[in-house]
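Each chain, letter by letter, is given below.
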Amino acid sequence: GQQVMQIPQYQHVQEGEDFTTYCNSSTTLSNIQWYKQRPGGHPVFLIQLVKSGEVKKQKRLTFQFGEAKKNSSLHITATQTTDVGTYFCAGPEKNFNKFYFGSGTKLNVKP
Amino acid sequence: GAGVSQSPSNKVTEKGKDVELRCDPISGHTALYWYRQSLGQGLEFLIYFQGNSAPDKSGLPSDRFSAERTGGSVSTLTIQRTQQEDSAVYLCASSLSLMGGQGTDTQYFGPGTRLTVL
């Protein structure tokens, strides 16, 4: 079954509103990566977090990695229509035998 | 080429036939990954290769699936006796090194092969 879950599955926001997606893994991850997939496209790497409790920012995007390295979040401030897409968290299990992608959160931004 | 390439881009086959999907990773990338994505769903990890090391095959959905990587570069994913539930987009990705490295494990994805089993 699915090892990494994300909530919410879908999010519809008005342009300018904030957005957050949460990622929860049933196992400890060595690191967490976030990808964005535009409709009809393939996943594109956004960022990687490695340390427990790490926080990184990319302009309007803020990424956090939980203390137990089992959860993560992505927060977008003041969404824009260009933010539309599905956001996936992903990471290798501790012994690197498998790589898990989260179930994804599909973001729709209304202009 | 500059990116990961996959072929064919689309494949329609009849149930019971075998198919072979190809992935050309970015030159110099030692790690190669295969995923499957059903319509509107997340990515399902299938298998990864690190150089010429033997891969862990436990992520493959069934024994009808096999993957090879010859010479540490090009990889093929073979599905024997295809079933309708095999229909999906098969994505390949490559990274500079084994996942878990210091920023060198960013995965670059190919455009995928859309497989339709009738």
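Note: the structure precedes this text.
Residues numbered from 1 in each chain as written. Chains lettered and ligands numbered in written order. Predicted model: local features only at pLDDT ≥ 70, side-chain atom pairs only at ≥ 80, totals over all residues. Heavy atoms only, no water.

Caption draft 1: Up close: the interface of chain A and chain B. Contact with chain A, which involves 17 residues of that partner, is made by 21 residues of chain B. Where chain A abuts chain B, roughly 1,600 Å² becomes buried across the two surfaces, and 56% of that area is made up of carbon and sulfur atoms. Remark: the boundary between chain A and chain B carries zero salt bridges. Where chain A touches chain B, the interface holds three residue pairs in polar contact (both at pLDDT 80 or more). For the side of chain A that touches chain B, the secondary structure elements donating two or more residues are strand E4 (32–37), strand E5 (44–49), strand E9 (85–92) and strand E10 (99–101) of chain A. Residues of the side of chain A that touches chain B, tallied by class, amount to eight nonpolar, eight polar and one charged. (Contact = heavy atoms within 4.5 Å. Buried area = accessible area lost by both parts, 1.4 Å probe. Salt bridge = Lys/Arg side-chain N within 4 Å of Asp/Glu carboxyl O. Polar contact = N/O pair within 3.5 Å; in protein donor to acceptor, adjacent residues only side chain to side chain. Helix = DSSP H or I, 4+ residues; strand = E, 2+ residues; numbered from the N terminus. Nonpolar A, V, L, I, M, F, W, Y, C, P; charged D, E, K, R; others polar.)

Caption draft 2: The state of the cysteines, seen in detail. Residue and element names in this part refer to chain B. Counted according to the given criterion, the structure contains two disulfides over all chains. Note that Cys-23 is cross-linked by a disulfide to Cys-92, the S-S spacing being 1.8 Å. Looking along the S-S bond of the Cys-23-Cys-92 disulfide, the torsion reads about -60°, which is the left-handed sense. Residue Cys-23 is located in strand E3 (residues 19–24), and its partner Cys-92 is located in strand E8 (residues 88–95); the two are separated by 69 residues in the primary sequence. Note on accessibility: Cys-23 and Cys-92 belong to one class, buried. (Disulfide = S-S within 2.5 Å. Buried < 20%, exposed > 50% of the residue type's maximum accessible area, 1.4 Å probe, protein only.)

Caption draft 3: Region of interest: unusual backbone geometry. The peptide bond linking Ile7(A) to Pro8(A) adopts the cis configuration, its omega dihedral lying at -5°. Take Pro8(A): it is sitting in the loop between strand E1 (4–7) and strand E2 (10–14). A cis amide bond, omega -10°, links Ser7(B) with the succeeding residue Pro8(B). Mapped onto the elements of the fold, Pro8(B) is located in the loop between strand E1 (5–7) and strand E2 (10–13). The phi dihedral of Lys59(A) is positive, around 50°, even though this residue is not glycine. Within the secondary structure layout, Lys59(A) lies in the loop between strand E6 (55–58) and strand E7 (61–65). Relative accessible area serves as the criterion here: at 86%, Lys59(A) is assigned to the exposed category. The residue Lys69(A) is not glycine, and still its phi comes out positive at about 55°. On the secondary structure map, Lys69(A) appears in the loop between E7 and strand E8 (71–76).

Caption draft 4: Up close: the packing of aromatic side chains. Under the definition given, this model contains 15 aromatic pairs over all chains. Seen from their ring centres, Phe101(A) and Tyr35(B) are 5.0 Å apart, and the 80° between their planes marks the pair as edge-to-face. Highlighted residues: Phe101(A) in strand E10 and Tyr35(B) in strand E4 (residues 31–37), drawn from two different chains. Taking the relative accessible area as the measure of exposure, Phe101(A) reaches 1% and is therefore buried. (Phe/Tyr/Trp six-rings, centres within 6.5 Å; stacked < 30°, edge-to-face > 60°.)

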